[in-house]
Amino acid sequence: MNALIIVDVQNDFIPGGALAVAGGNEIVPVINQLMEQCDLVVATQDWHPEGHGSFAQRPEDIGMVVDLNGLDQVLWPVHCVQETFGAEFVDGLNIERFDTVFRKGTDPGIDSYSGLFDNGKRKATGLDQYLRDQQVDEAFVVGLATDYCVKFTALDLVDMGLRTTLIVDACRGVNLTPGDVDRAVAEMRDAGIAIIQSNVLDPT
Ligand code: VGL
Ligand code: ZN
């Protein structure tokens, strides 16, 4: 059983959004196509309460690294606040095809880049247990952003023993520092994650 893991394809992460990722909207048709080629479709949704600890209080603090309850935390613009437009899935994404959605980043005191665990690995979202229950042995990872939530989700998936593949043209990254996306892809490859283009997948 394989699963397509769609990471954070939400309005705030596409051009016009609070934490816009360049080209973030371009991956939607690619992901819609991939959904038809996978057994199970799982989405993650960044879902922060107002006043989340990852939010910069002042615009000039964006990108700064601070201590948040003992962990290094990059400060981001206010984004993906629960029940707001920015947190909704991007228009045109075939959400009807989702089997389930896991929300993350709900605890104000800790960020959650991975769709499986928060950044301190203290709490699980339930995605790991879900994949085990569904007897998934292979994961294809797509979404936003390559150098944050996509990377940490893929690393946790390979860590739990799944054959894991990053479909690189179905992802876009932040590149807060130039080269971050390339470094993230290299790190995933080094961890045993296959890196492919979407056209390599056989239509089923
Ligand atoms: C993300 C930064 C903050 C992501 C989420 O989805 O990659 N990045 N929150
Ligand atoms: Zn976030």
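Residues numbered from 1 in each chain as written. Chains lettered and ligands numbered in written order. Predicted model: local features only at pLDDT ≥ 70, side-chain atom pairs only at ≥ 80, totals over all residues. Heavy atoms only, no water.

A.B. asks: Provide a residue-level description of the coordination of the zinc ion (ligand 2), including the pertinent values.
C.D. replies: Note on metal sites: the ideal angle is 109.5 degrees for four tetrahedral donors, and 90 or 180 degrees for six octahedral donors. Within the protein, the zinc ion (ligand 2) binds to Asp46 (OD), His48 (NE2) and His79 (NE2); these donor distances fall in the range 2.0 to 2.2 Å. Every donor counted, the 4 donor atoms about the zinc ion (ligand 2) form angles of 88 to 170 degrees at the centre, which fits irregular coordination. Within one chain, the residues donating to the zinc ion (ligand 2) are spaced in sequence as D-x1-H-x30-H. One end of the pair, His48, is in the loop between strand E2 (40-46) and strand E3 (65-68); the other, His79, is in the loop between strand E4 (71-74) and strand E5 (100-104), with 31 residues separating them in the sequence. Neither residue differs from the other here; His48 and His79 are each classed as buried. (Donors = N, O, S within 2.8 Å, 3.2 Å for Na, K, Ca; no water. Tetrahedral: all angles 85-135°; square planar, octahedral: opposite > 155°, others 65-115°. Helix = DSSP H or I, 4+ residues; strand = E, 2+ residues; numbered from the N terminus. Buried < 20%, exposed > 50% of the residue type's maximum accessible area, 1.4 Å probe, protein only.)

A.B. asks: With reference to specific residues and values, describe helix H4 (residues 180-190).
C.D. replies: Of the residues making up H4, those classed as buried are Asp180, Val181, Ala184, Val185 and Met188. Projected down its long axis, H4 shows its buried positions confined to an angular sector of 135 degrees, all on one face. Across H4 from its buried face, at more than 90 degrees, point the exposed residues Asp182 and Asp190. Taken together, the buried residues of H4 touch helix H3 (146-159), strand E7 (163-172) and strand E8 (194-196). (Arc of directions from axis to C-beta. Contact = heavy atoms within 4.5 Å.)

A.B. asks: Any chance you could break down the pairing of E3 for me, citing the residues and the numbers?
C.D. replies: The pairing of E3 with E4 spans 4 bridges and is classified as antiparallel. Pairing of Val66 across the sheet is with Gln73, part of E4. Between E3 and E4, which pair antiparallel one after the other, the connecting turn spans 2 residues, and Asn69 there sits at a positive phi close to 50 degrees. (Pairing = 2+ DSSP bridges.)

A.B. asks: Give a detailed account of the side chain of Asn2, specifying residues and quantitative values.
C.D. replies: Relative to the helices and strands, Asn2 resides in strand E1 (residues 2-7). Residues in contact with Asn2, not counting those within four places in the same chain, are Cys38, Asp39, Leu40, Val136, Glu138 and Phe140.

A.B. asks: Report on the site of ligand 1, specifying residues and quantitative values.
C.D. replies: Contacts to ligand 1 come from Asp8, Phe13, Leu19, Asp46, Trp76, His79, Tyr113, Leu144, Ala145, Tyr148 and Cys149. At a separation of 2.7 Å, an oxygen atom of ligand 1 approaches a polar side-chain atom of Asp8. At a separation of 3.1 Å, a nitrogen atom of ligand 1 approaches a polar side-chain atom of Asp46. Taken by itself ligand 1 offers 260 Å² of open surface, and the protein chains cover 99% of this. (Near = heavy atom within 4 Å. Polar contact = N/O pair within 3.5 Å; in protein donor to acceptor, adjacent residues only side chain to side chain. Areas by Shrake-Rupley, 256 points an atom, 1.4 Å probe, with all protein chains shown as cover.)

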